[in-house]
Amino acid sequence: MTVTRLDIVAAKLQLGPSLDRRPWLVLTAGAQDRCLLLPISSALELFDPTQHFRLDPQHPDFPATGLRKASYIIGSRPVDSSTTTLEKRLGCLQGDLAAKFLEWYD
């Protein structure tokens, strides 16, 4: 699968003890079919604004994410992966939401 920066994809990758299928944000897409991904969670009871970037369904750019409910990007758990492990593209961060994420992450 070909991906670009800030795409949101579905994949079954290890996150702590979990190997559930979940959305991931493509942070970098490099050569040789490798990418750096950040996990996305909808477990809002675990949300921590010091480590997580919230994706609010009320934001006008949220529909482009392809996500179905309020979620957050876990900024402290990057995972290096082959693009062959990615199952499908769900959407992407774009517009103001993308700009706010990049400001938060950098």
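The structure displayed is predicted, hence computed values, not measured ones.

A.B. asks: Describe the pattern of salt bridges, naming the residues involved and giving the relevant values.
C.D. replies: Summed over all chains, the structure comprises 4 salt bridges. A salt bridge links D7 to R89, with the nearest nitrogen and oxygen atoms 3.2 Å apart. Taken together, the residues D7 in strand β1 (residues 7-12) and R89 in strand β7 (residues 86-92) connect sequence positions 82 residues apart. Between D80 and R34 there is a salt bridge, and its shortest N-O distance comes to 2.6 Å. With D80 in strand β6 (residues 79-82) and R34 in strand β3 (residues 34-41), this residue pair connects regions lying 46 residues apart in the sequence.

A.B. asks: Before we move on, could you go through the side chain of T83 and cite the residues and values that matter?
C.D. replies: Position of T83 among the secondary structure elements: in the loop between β6 and β7. Setting aside chain neighbours within four positions, we find T83 in contact with M1, V3, D33, R34 and C35.

A.B. asks: Describe in detail the side chain of H52, supporting the description with residues and values.
C.D. replies: Mapping H52 onto the fold places it in strand β4 (residues 52-55). Note on H52: relative accessible area 11%, which makes it buried. A distance of 2.8 Å separates the side chain of H52 from the backbone nitrogen of D48, its partner in a polar contact. Not counting residues up to four positions away in its chain, the partners in contact with H52 are L46, F47, Y72, I73, I74 and W104.

A.B. asks: I'd like a rundown of the pairing of strand β2 (residues 21-29), residues and numbers included.
C.D. replies: When β1 meets β2, the two strands line up antiparallel, connected through 5 bridges. The residue of β2 that forms the bridge with K12 is R21. Two elements, β2 and β3, share 5 bridges in a ladder whose sense is antiparallel. Directly across from W24, in β3, lies its bridge partner P39. Where β2 hands over to β3, the hairpin turn is made up of 4 residues, of which Q32 adopts a positive phi near 60°.

A.B. asks: So what's going on with unusual backbone geometry? Residues and values would help.
C.D. replies: We note that L6 has phi near 75°; this positive angle belongs to a residue other than glycine. Residue position: L6 is located in the segment before β1. Look at L6 and you get buried, because its relative accessible area is 8%. Despite not being glycine, D33 has its phi angle at roughly 55°, a positive value. Along the polypeptide, D33 turns up in the loop between β2 and β3.

A.B. asks: Which residues make up helix α1 (residues 95-105), and what values do they have?
C.D. replies: Taken together, the buried positions of α1 are L97, A98 and F101. Relative to the axis of α1, the buried residues are bounded by an arc of 100° and lie together on one face. Lining the buried residues of α1 we find β2, β3, β4 and β5 (71-74).

Criteria and thresholds
- Residues numbered from 1 in each chain as written.
- Predicted model: local features only at pLDDT ≥ 70, side-chain atom pairs only at ≥ 80, totals over all residues.
- Heavy atoms only, no water.
- Salt bridge = Lys/Arg side-chain N within 4 Å of Asp/Glu carboxyl O.
- Helix = DSSP H or I, 4+ residues; strand = E, 2+ residues; numbered from the N terminus.
- Contact = heavy atoms within 4.5 Å.
- Buried < 20%, exposed > 50% of the residue type's maximum accessible area, 1.4 Å probe, protein only.
- Polar contact = N/O pair within 3.5 Å; in protein donor to acceptor, adjacent residues only side chain to side chain.
- Pairing = 2+ DSSP bridges.
- Arc of directions from axis to C-beta.

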